[in-house]
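# Inside the fold
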Amino acid sequence: MGVFDLDEQRLAIGYAVEYIKHAIFEHFTRFEPRTLIICGSGLGGIVDKVSLKPEPLAIPYGNIPGFKSSTVAGHQGKLVFGYMQGSPVVLMCGRLHYYEGHELHETVFPIRVMNEWGFIKNLIVTNACGAINPDYEVGDLMCLNDHINFPGLAGQHPLRGPNFDEYGPRFQALSDGYDLKLRKLLYNKRAELGLERPLHEGVYSFVSGPTFETRAEARMIRGFGGDVVGMSTVPEVIVARHCGLRVLALSLITNRVVVDPPASALDENPVPIDQGKATHEEVLETGFLASVDVERLVEAVVAEL
């Protein structure tokens, strides 16, 4: 796992910011976004809430200096600049994952760039995840109030290496990682919209992927206090907090994680071993069915920021 050179990273961030500023200058008279939104698997439809007047600006990741390209189905891999409910926003339509082969500092590079640009104050993160908590159902939503960073506890951490002292401290506190006022705002907007889809509040467990969890791993995560498990979000949240951004994170539960031990080879009538097995296609399908509620919630929250 490579450790970046701090001066090279600063230069790369600067080049990316200049590229974006030039593109913005050519497209908008003035554009000073306060909110960055990351669209998770199957949730790229949030971009449809961006107003068509003025016409939004879309830039593929591959065009921006220093950006890596997304390779996962359901992730478009572009930045979209536009207005949502009259508020200027930036959308990451697709994120970068560690399991794609990117280094962690590469997956959070867009966060560093948006922060360096100077306007972004809020980060809204969405993701698809699996439910560990037995009270959660497929299609439910969960507002993150905490997380468990399994790769980070094992040394694969997005703040590993030289510290950006100009942004945040060497030892970043995360006990306030998920902004309470933004969480309250999310619940208030759900009530105002009259949405019936359950909205839980709980702990997101970050694993590196790309394999879905084994049954034993799922029981371990449940024992540690995790309510859901997924392969993203946490590195972005950590770096956003290191930059001083306020964070709101929303998970869509796309599958129930299998926690029961597998049938014994000695069982006469064993339960099929593939029963309940998760697939990426399932993730995308559930994301599509619930995306309307997620889009409405995000749009309502952005209108207040």
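What you are looking at is a predicted structure, and each value in this text was computed from that prediction instead of being measured.

## With respect to the overall build of the protein chain
When helices and strands are counted, the protein chain shows eight helices and nine strands. Against the 2.2 N^0.38 benchmark of 19 Å for 305 residues, the protein chain shows a C-alpha radius of gyration of 19 Å, consistent with a compact globule. Taken along its principal axes, the extent of the C-alpha atoms in the protein chain is 70 × 45 × 30 Å. Expressed as a percentage of its 305 residues, the buried residues of the protein chain come to 54%. Total accessible area on the protein chain stands at roughly 13,900 Å², and carbon and sulfur atoms take up 51% of it. Side chains of the protein chain carry 27 positive and 38 negative charges; the gap between the two charge centres is 6 Å.

## Some words on empty space enclosed by the protein
In total, this model carries three cavities of 30 Å³ or more according to the counting rule given. Of the pockets and cavities examined, the largest cavity occupies roughly 90 Å³. Lining the largest cavity are 14 residues; nearest its centre among them are F4, R112, P158, L159 and F164.

## Describing the nonpolar core
Counting 55 residues, the largest nonpolar core has I20, L79, F81, V90, V113, M114 and W117 as its most contacted members. For F81, the residues in contact, after removing those within four places along its chain, are I20, I24, F28, F31, P56, L57, I59, V89, V90 and W117. Listed in part, the 29 residues of the second largest apolar core include C39, L248, V294 and V298.

## Details of helix α6 (residues 215–224)
Buried within α6 are the following residues: R215, A218 and I221. Seen along its axis, α6 keeps its buried residues to an arc of 120°; they face one direction. Away from the buried face of α6 by more than 90 degrees, exposed residues G223 and F224 are located. Looking at the packing, one finds that the buried side of α6 touches α4 (150–153), β7 (199–206) and β8 (228–230). Following α6 by one or two positions, G225 adopts a phi angle in the positive range, close to 105°.

## Here we look at the pattern of salt bridges
According to the stated counting rule, one finds 14 salt bridges in the structure shown. For E106, the salt bridge goes to K68, with nearest N and O atoms at 3.7 Å. With E106 in helix α2 (residues 104–107) and K68 in the loop between β2 (57–60) and β3 (78–84), this pair connects stretches of sequence that are 38 residues apart. For K68, a relative accessible area of 33% translates into the label partly exposed. Measuring nitrogen to oxygen at the nearest pair gives 3.3 Å for the salt bridge that ties R256 to E137. Taken together, the residues span a long stretch of sequence, with R256 in strand β9 (residues 246–256) and E137 in the loop between β5 (122–131) and β6 (141–149) at a distance of 119 residues.

## Quick look at the pairing of β9
With nine of eleven residues buried, β9 lies mostly within the body of the structure. Of the strand pairs in this sheet, β5 and β9 are connected by ten bridges, and their pairing is parallel. Bridge pairing in β9 links T126 to L250. Bridge analysis of β6 against β9 gives three bridges, and the strand direction is antiparallel. Counterpart to C143 in the pairing with β9 is L250.

## Observations concerning the packing of helix α1 (residues 6–27) against helix α3 (residues 109–117)
Viewed as axis vectors pointing N to C, α1 and α3 meet at an angle of 65°, and their least axial separation amounts to 9 Å. Along this stretch, α1 crosses α3, giving a crossing that reads as right-handed. Contact residues: Q9, A12, I13, A16, V17, I20, K21 and I24 in α1; F109, R112, V113, M114, E116 and W117 in α3. Here the contact of α1 with α3 is composed, by residue class, of ten nonpolar, one polar and three charged.

## Thoughts on the state of the cysteines
Within this structure, the stated rule accounts for zero disulfides. Looking at C93, it has no disulfide partner, and the nearest cysteine sulfur is the one in C39, 4.6 Å off. With no disulfide of its own, C129 has C143 as its nearest cysteine by sulfur position, at a separation of 12 Å.

## Section: helix α5 (residues 180–193)
Think of an α-helix as 3.6 residues a turn; residues three or four steps apart then line up on the same face. Under the 1.5 Å per step criterion, the end-to-end length of α5 is 20 Å for 14 residues, consistent within 8% with the ideal 20 Å. Within α5 the residues assigned to the buried category are L182, R183, L185, L186 and K189. Seen along its axis, α5 keeps its buried residues to an arc of 160°; they face one direction. Residues of α5 that are exposed and angled more than 90 degrees away from the buried face: K181, K184 and A191. The backbone nitrogen of K181 has a side-chain oxygen 3.1 Å away, supplied by the residue at the start of α5, namely D179. Directly beyond the C-terminal end of α5, a positive phi value near 70° is found at G194.

Thresholds, definitions, all that
- Here the residue numbers are simple positions, counted from 1 along each chain's written sequence.
- For this predicted model, a pLDDT threshold of at least 70 governs which residues receive local features, and a threshold of 80 or more governs which side-chain atom pairs are given and counted, while totals over whole chains, interfaces and linings are taken from all residues.
- Side-chain descriptors were evaluated using all non-hydrogen atoms of the structure, hydrogens and water having been removed beforehand.
- To qualify as a helix, a DSSP run of H or I must reach at least 4 residues; to qualify as a strand, a run of E must reach at least 2; elements of each kind are numbered from the N terminus.
- Within these notes, the globule rule equals 2.2 Å times the number of residues to the 0.38 power, and the radius of gyration is based on C-alpha atoms.
- Exposure is judged per residue with a 1.4 Å probe applied to protein chains only, and the accessible area is read against the type maximum: over 50% gives exposed, under 20% gives buried, and values in between give partly exposed.
- Where accessible areas are quoted, they stem from the Shrake-Rupley method and a 1.4 Å probe; at the residue level, only the protein chains shown are allowed to cover.
- Two residue types count as positive, namely Lys and Arg, and two as negative, namely Asp and Glu; His and chain ends fall outside the count.
- Charged groups are reduced to one reference atom each: NZ for lysine, CZ for arginine, CG for aspartic acid, CD for glutamic acid.
- Buried and open spaces are told apart on a 1 Å grid over the protein atoms alone, a cavity being a set of points where a 1.4 Å probe fits but cannot get out and a pocket being an open set with protein on both sides within 12 Å along at least five of seven lines. Residues with an atom within 4 Å of a point are the lining residues.
- Grid points are joined across faces, edges and corners, and a volume is the space filled by probe spheres set on the points.
- The definition of a nonpolar core used throughout is a set of buried Ala, Val, Leu, Ile, Met, Phe, Trp, Tyr and Cys residues joined through side-chain atoms within 4.5 Å.
- A contact between two residues is defined here by any heavy atoms of the two lying within 4.5 Å.
- Working note: the arc is built from the helix axis to C-beta atom directions.
- Within this document, salt bridges are pairs made up of a side-chain nitrogen of Lys or Arg and a carboxyl oxygen of Asp or Glu, the two lying within 4 Å of each other.
- For two strands to be treated as a pair, DSSP must find no fewer than two bridges joining them.
- The convention used is that axes are lines fitted to C-alpha atoms, helices contributing only their stretch in contact, and that angles between N-to-C directions extend from 0 to 180 degrees.
- By the definition used in this description, the sense in which the near helix is turned from the far one sets the handedness, with an anticlockwise turn below a right angle giving left-handed and a clockwise turn giving right-handed.
- Amino acid classes used here: Ala, Val, Leu, Ile, Met, Phe, Trp, Tyr, Cys and Pro are nonpolar; Asp, Glu, Lys and Arg are charged; the rest, including Gly, are polar.
- The disulfide definition used here is simple: a pair of cysteine sulfur atoms within 2.5 Å.
- How far a helix is expected to stretch is found by multiplying one less than its residue total by 1.5 Å.
- For the purposes of these results, a polar contact is taken to be a pair of N or O atoms within 3.5 Å, where, inside protein, one atom must be able to donate a hydrogen and its partner to accept one; residues adjacent in sequence count only when each atom of the pair is a side-chain atom.

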